[in-house]
Amino acid sequence: TLEVIKAPHVAILSGGDELVDAETTPKMGQIRDINSYMLHALCTEAGAKAHRLGIANDTFDNLFAMAQDGLNNADMLILSAGSSVSVRDLTEDVINQLGKPGVLQHGLAVKPGKPTLLAVCDGKPVIGLPGNPVSAMLVARQVVLPILHHLQGKADRPTATIKAILTENIASTTGRTDSMPVRIVVK
């Protein structure tokens, strides 16, 4: 007899009228949806079964229907859409309608990635990531990976680090974790 843990099923939904699938040539005002592909790869590498749900447009009904379908058929839902403070941002309202308790945290003390949403809907984790690809990737590594490790009974792996000396000062806000692109030069 062998005890095993079922790989968590993660549904990934991108949202935004400006998004087109990666194979589509964008027209004026459009951008390719790369976040769902990046998140799919990240989740799969972490041992989850990931499923891309497609692109929801910027209407509450469409985003909610696609998110609800995804959450009903998965153990976790990741939305990559607007989550800041704009009139067109529907993500928080959609998540709060998916189940209780809903959004637990809107905003993290990180840069980039501040407008992230952390939620639980009827016992399932729901993460609302910013639409910016760099922000989405960094927050996914900081938030999504530990959740996936927990769902699989794995200890969270520490992030690889290297000690280096900065050649210039970097301004930061107290209490916030900043991620900065750097170039490492070995002397």
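Now for a quick tour of the structure.

Criteria and cut-off values
Residues numbered from 1 in each chain as written. Predicted model: local features only at pLDDT ≥ 70, side-chain atom pairs only at ≥ 80, totals over all residues. Heavy atoms only, no water. Buried < 20%, exposed > 50% of the residue type's maximum accessible area, 1.4 Å probe, protein only. Helix = DSSP H or I, 4+ residues; strand = E, 2+ residues; numbered from the N terminus. Pairing = 2+ DSSP bridges. Axes fitted to C-alpha atoms, helices over the stretch in contact; angles between N-to-C directions. Contact = heavy atoms within 4.5 Å. Phe/Tyr/Trp six-rings, centres within 6.5 Å; stacked < 30°, edge-to-face > 60°. Lys NZ or Arg CZ within 6 Å of the ring centre and 35° of its normal. Parallel < 35°, antiparallel > 145°, perpendicular 65-115°, else oblique. Left-handed = near helix turned anticlockwise from the far one by under 90°. Nonpolar A, V, L, I, M, F, W, Y, C, P; charged D, E, K, R; others polar.

1. Digging into the pairing of strand S1 (residues 9-15)
By the criterion of burial, S1 is predominantly enclosed, with six of the seven residues buried. Relative to strand S4 (residues 49-56), S1 runs parallel, the two sharing seven bridges. Considered in S4, the bridge of Ser14 is made with Ile55. Pairing analysis gives five bridges linking S1 to strand S5 (residues 76-80), with the strands arranged parallel.

2. Observations concerning the sheet that holds S1
Spatially, the six strands line up as an open sheet ordered S4-S1-S5-S9-S8-S6, and their pairing is mixed. A strand with exactly one partner marks an edge of an open sheet, and here the two such strands are S4 and strand S6 (101-106). In this sheet, neighbouring strand axes are inclined to one another by 20° on average, regardless of whether the strands run parallel or antiparallel. Set on the sheet, helix H1 (residues 35-45) makes contact with S1, S4, S5 and strand S9 (124-129); between it and S4 the angle comes to about 170°. Helix H3 (residues 91-98) rests against S5, S6, strand S8 (117-121) and S9 of the sheet, and its axis sits at about 145° to S6.

3. So, unusual backbone geometry
Between Lys100 and the following residue, Pro101, the backbone shows a cis peptide bond with an omega angle of 0°. Residue Pro112 is reached from Lys111 by a cis peptide bond, and omega for that bond is -5°. Looking at where Pro112 falls in the secondary structure, it is placed in the loop between strand S7 (110-111) and S8. Positioned with a positive phi, Asp122 is a non-glycine residue whose angle comes to about 50°. Examined against the element boundaries, Asp122 turns out to sit in the loop between S8 and S9.

4. Structural notes on the packing of aromatic side chains
On inspection of all chains with the given rule, the structure shows one aromatic pair. Here the aromatic rings of Phe60 and Phe64 are separated by 5.7 Å at their centres, their planes lie at 5°, and the arrangement is stacked. Here the residue Phe60 and the residue Phe64 both occupy positions in helix H2 (residues 60-72), the gap between them amounting to four residues, near one helical turn. Residue classification places Phe60 among the partly exposed positions, given a relative accessible area of 30%. With a relative accessible area of 18%, Phe64 lands in the buried category. Of note, Arg52 hangs over the ring of Tyr37, and the distance from its end group to the ring centre comes to 3.8 Å.

5. Notes on the packing of H2 against H3
Remark: H2 packs on H3, axes separated minimally by 10 Å, with the N-to-C direction vectors making an angle of 45°. Regarding the angle of H2 to H3, the classification is oblique. H3 is crossed by H2, and the crossing has right-handed handedness. Residues Phe60, Leu63, Phe64, Ala67, Gln68 and Leu71 of H2 lie in contact with H3, whose contacting residues are Thr91, Asp93, Val94, Gln97 and Leu98. Looking at the contact of H2 with H3, its residues break down into seven nonpolar, three polar and one charged.

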